[in-house]
Amino acid sequence: MSQFAEHRRNQSTKGEIMADSNGAVDTAQLLDSLPTGLFIGGQWRDASTNETFDVENPATGEVLVTLQSANSDDAVAALDAAVEVQKDWARTPARERSEILRRAYDLVTERTEEFATLMTLEMGKPLAEARGEVKYGAEYLRWFAEETVRQYGRSQEVPEGGIRMVTRRKPVGPCLLITPWNFPLAMATRKIAPAIAAGCTMVLKPAELTPLTTYYFVQTMVEAGLPAGVLNVVCGTDPAAISEPLIADPRLRKVSFTGSTAVGKILMKQAADSVLRTSMELGGNAPFIVFEDADIEQAITGAMAAKMRNIGEACTAANRFLVHESIADEFTEKLVAAMEALTVGNGLDEGVNVGPLIEEKARKNVAALVEDAKQNGAEVLTGGGAAEGDGYFFQPTVLRGASTDSRIFKEEIFGPVASVYEFSDEDEVIELANSTEYGLASYVYSEDPDRMWRLADGLEFGIVGFNAGVVSNAAVPFGGVKHSGLGREGGAEGIDEYTEVQYIGVRDPYANQ
């Protein structure tokens, strides 16, 4: 560990986080250990203004931490720090970058309870699910630690002779990484890990609703030995004040964004002026298709995973349940029973598997979608409204019979609501599934292997889960088509997003002989 990393460990973590007699994390100490400023050039520092913002617990409404809010000056200072070390970082041997990522993987894994507790506190997901995200997010660190040393080029003679071609991959340069609130750790590692692997420096802007997990992760990266200036973090209440000056700065070479399609389109328009490399992981409206030959029990298990993962607040969440008319009654009955068996509550409480939505605005939007569906023919089979108690809870809900003209068929739900529709044949369901501007995830349940290939050919989605309700993994290329974005994260393709191909033409010494 470098001298700087050791210093940051002593200064920023304030000692080991203590647990109680049952092994639970001391949340007060954990929150107290977090910095409240900005991380620029290897140091936590104050923001340029006196503006602050509160991070709340959506299960209780209580303020967890008050953080300093960054402005445009802070954003440019962060880019300054990234630019200053870009050349040295790009020259750092791949093995060194790989070992930093591997140490980070080990540290994150060791601190599973701390990371999981922070995510539950600031985002609301149940603690058991938060532990799952720690495992999932950490895998990006391990995967790209392994991929760092495997950036292959190629060499060959051009067909006409006379020139020998060599290609190599070079880091694209300083990057702006913008992460969403719904997966506070995994979305950070999915962007940061390949950038480190490729040799890029970064300015990271986490979502202001859930920045605490990111701050703790930054501390962990420092302890893993990441050099000063490689990763810089600025967060504030005005995202445009951070992103706009950086995207307009000619020194920035890439922007990677995960979030809404509307914001992604704005960023792409801004990036066009500087011809920036862009990766956009945007909205989704996933169909969950169940054919008449499906194993219904298996389909229900997959449906609950695809719908209720992260309380339904995921771009890959199943929104439209398209079920063959011959089994629609049976499937719907079992889906209702499964939803009614869930326990809603504070994610820190034992036995809870549905936490709160992120904020009141989100709950109101889900409620509005349900009301619109009811006005468009939907029957509420269970749930249908806000849950009792403090916090932003919404009942697990199943609807049936909504018109395809309803908002809930066309828009991303981002909540614990499943809407069931019927179809009669394969061509019809493919048309229904594709009747959306989005094209991220889709799910198909059938016992016919030939149908898998026909559906994969017909579906306009970047991801197809076949008899599987959760298909995300660090080793696979994650991304969509149409208005769901461009580029891929994870897999062998993930590191390519942070590199440029350089071709070197070398005169063949035998060309004139």
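- Looking at an unreviewed UniProt entry, one finds the chain named Succinate-semialdehyde dehydrogenase and attributed to Corynebacterium genitalium ATCC 33030.
- According to its UniProt record, the chain has this under Sequence similarities (unreviewed entry): "Belongs to the aldehyde dehydrogenase family."

1. Some remarks on the overall build of the chain
1) Next: When you go through the chain residue by residue, the secondary structure sums to 17 helices and 20 strands.
2) Next: Against the compact-globule benchmark of 24 Å for 513 residues, the chain has a radius of gyration of 24 Å, which places it among compact chains.
3) Next: Expressed along its principal axes, the backbone C-alpha trace of the chain runs to roughly 70 × 65 × 40 Å.
4) Next: Expressed as a percentage of the 513 residues in the chain, the buried residues total 56%.
5) Next: Counting contacts in the chain only where the partners sit at least 6 residues apart, residues at least 24 apart contribute 73% of the total.
6) Next: Entry remark: accessible area of the chain is about 20,500 Å², with carbon and sulfur atoms responsible for 47%.
7) Next: Averaging the locations of the 46 positively and 76 negatively charged side chains of the chain gives two centres separated by 8 Å.

2. Considerations on the UniProt feature "active site" (unreviewed entry) in the chain
1) Next: UniProt's entry tags Glu281 with the feature "active site" (unreviewed entry), counted in the numbering of this structure.
2) Next: Of note, Glu281 is situated in strand E11 (residues 277-281).
3) Next: Since its relative accessible area comes to 4%, Glu281 is described here as buried.
4) Next: Residue contacts for Glu281: discarding those within four places in its chain leaves Arg190, Phe257, Thr258, Gly259, Cys315, Leu440, Phe478, Ser484 and Glu489.

3. Points about the pairing of strand E5 (residues 154-157)
1) Next: Where E5 meets strand E6 (residues 163-171), 4 bridges bridge the pair, whose relative direction is antiparallel. By the bridge assignment for E6, Ser155 is matched with Val166.
2) Next: Taking the residues between adjacent antiparallel strands as the criterion, E5 and E6 are bridged by 5 residues, where Gly161 takes a positive phi near 80°.

4. Let's talk about the sheet that holds E5
1) Next: The 3 strands are arranged E5-E6-E20 in an open sheet whose pairing can be described as antiparallel. This sheet does not close on itself; its edge strands, each paired only once, are E5 and strand E20 (499-507). Taken over all neighbouring pairs, the strand axes of this sheet differ in orientation by 20° on average, direction set aside.

5. Remarks on the packing of aromatic side chains
1) Next: Here the structure, examined in full by the defined rule, presents 11 aromatic pairs.
2) Next: Taking the centre distance of 5.4 Å and the plane angle of 45° together, the rings of Trp44 and Tyr215 count as tilted. A residue pair is termed long-range when its members are at least 10 positions apart, and Trp44 in strand E2 (residues 43-45) and Tyr215 in helix H8 (residues 212-223) qualify at 171 residues. Like Tyr215, Trp44 is buried.
3) Next: Ring geometry for Trp181 and Phe414: centres 5.7 Å apart, planes at 80°, overall edge-to-face. Taken together, the residues Trp181 in the loop between strand E7 (175-178) and helix H7 (186-198) and Phe414 in the loop between helix H14 (407-410) and strand E16 (417-423) connect sequence positions 233 residues apart.
4) Next: An aromatic cluster is defined as three or more aromatic residues linked by ring pairs; in this entry it consists of Phe288, Phe321, Phe331, Tyr443 and Tyr445.

6. Quick word on the domain arrangement of the chain
1) Next: Domain boundaries assigned for the chain yield domain 1 (17-282 + 489-499) and domain 2 (286-473).
2) Next: Each of domain 1 and domain 2 was reduced to a C-alpha centroid, and the two centroids are 30 Å apart.
3) Next: Taken together, the contact pairs 24 residues of domain 1 with 27 residues of domain 2.
4) Next: Both faces considered, domain 1 and domain 2 share a buried interface measuring about 2,000 Å² in area, 61% of it formed by carbon and sulfur atoms.
5) Next: Our enumeration of links across domain 1 and domain 2 arrives at 0 salt bridges.
6) Next: Inspection of the domain 1/domain 2 interface yields 6 residue pairs in polar contact (both at pLDDT 80 or more).
7) Next: Residue assignment for the side of domain 1 that touches domain 2 shows that the elements contributing at least two residues are helix H5 (112-123) and helix H6 (127-147).
8) Next: Here the side of domain 1 that touches domain 2 is composed, by residue class, of 12 nonpolar, 7 polar and 5 charged.

Calculation criteria
Residues numbered from 1 in each chain as written. Predicted model: local features only at pLDDT ≥ 70, side-chain atom pairs only at ≥ 80, totals over all residues. Heavy atoms only, no water. UniProt positions renumbered as here; feature names shortened; annotations may be inferred. Helix = DSSP H or I, 4+ residues; strand = E, 2+ residues; numbered from the N terminus. Rg over C-alpha atoms; globule rule 2.2 N^0.38 Å. Buried < 20%, exposed > 50% of the residue type's maximum accessible area, 1.4 Å probe, protein only. Contact = heavy atoms within 4.5 Å. Areas by Shrake-Rupley, 256 points an atom, 1.4 Å probe, with all protein chains shown as cover. Lys, Arg positive; Asp, Glu negative; His and termini not counted. Charge placed at Lys NZ, Arg CZ, Asp CG, Glu CD. Pairing = 2+ DSSP bridges. Axes fitted to C-alpha atoms, helices over the stretch in contact; angles between N-to-C directions. Phe/Tyr/Trp six-rings, centres within 6.5 Å; stacked < 30°, edge-to-face > 60°. Domains from an automatic or database assignment. Buried area = accessible area lost by both parts, 1.4 Å probe. Salt bridge = Lys/Arg side-chain N within 4 Å of Asp/Glu carboxyl O. Polar contact = N/O pair within 3.5 Å; in protein donor to acceptor, adjacent residues only side chain to side chain. Nonpolar A, V, L, I, M, F, W, Y, C, P; charged D, E, K, R; others polar.

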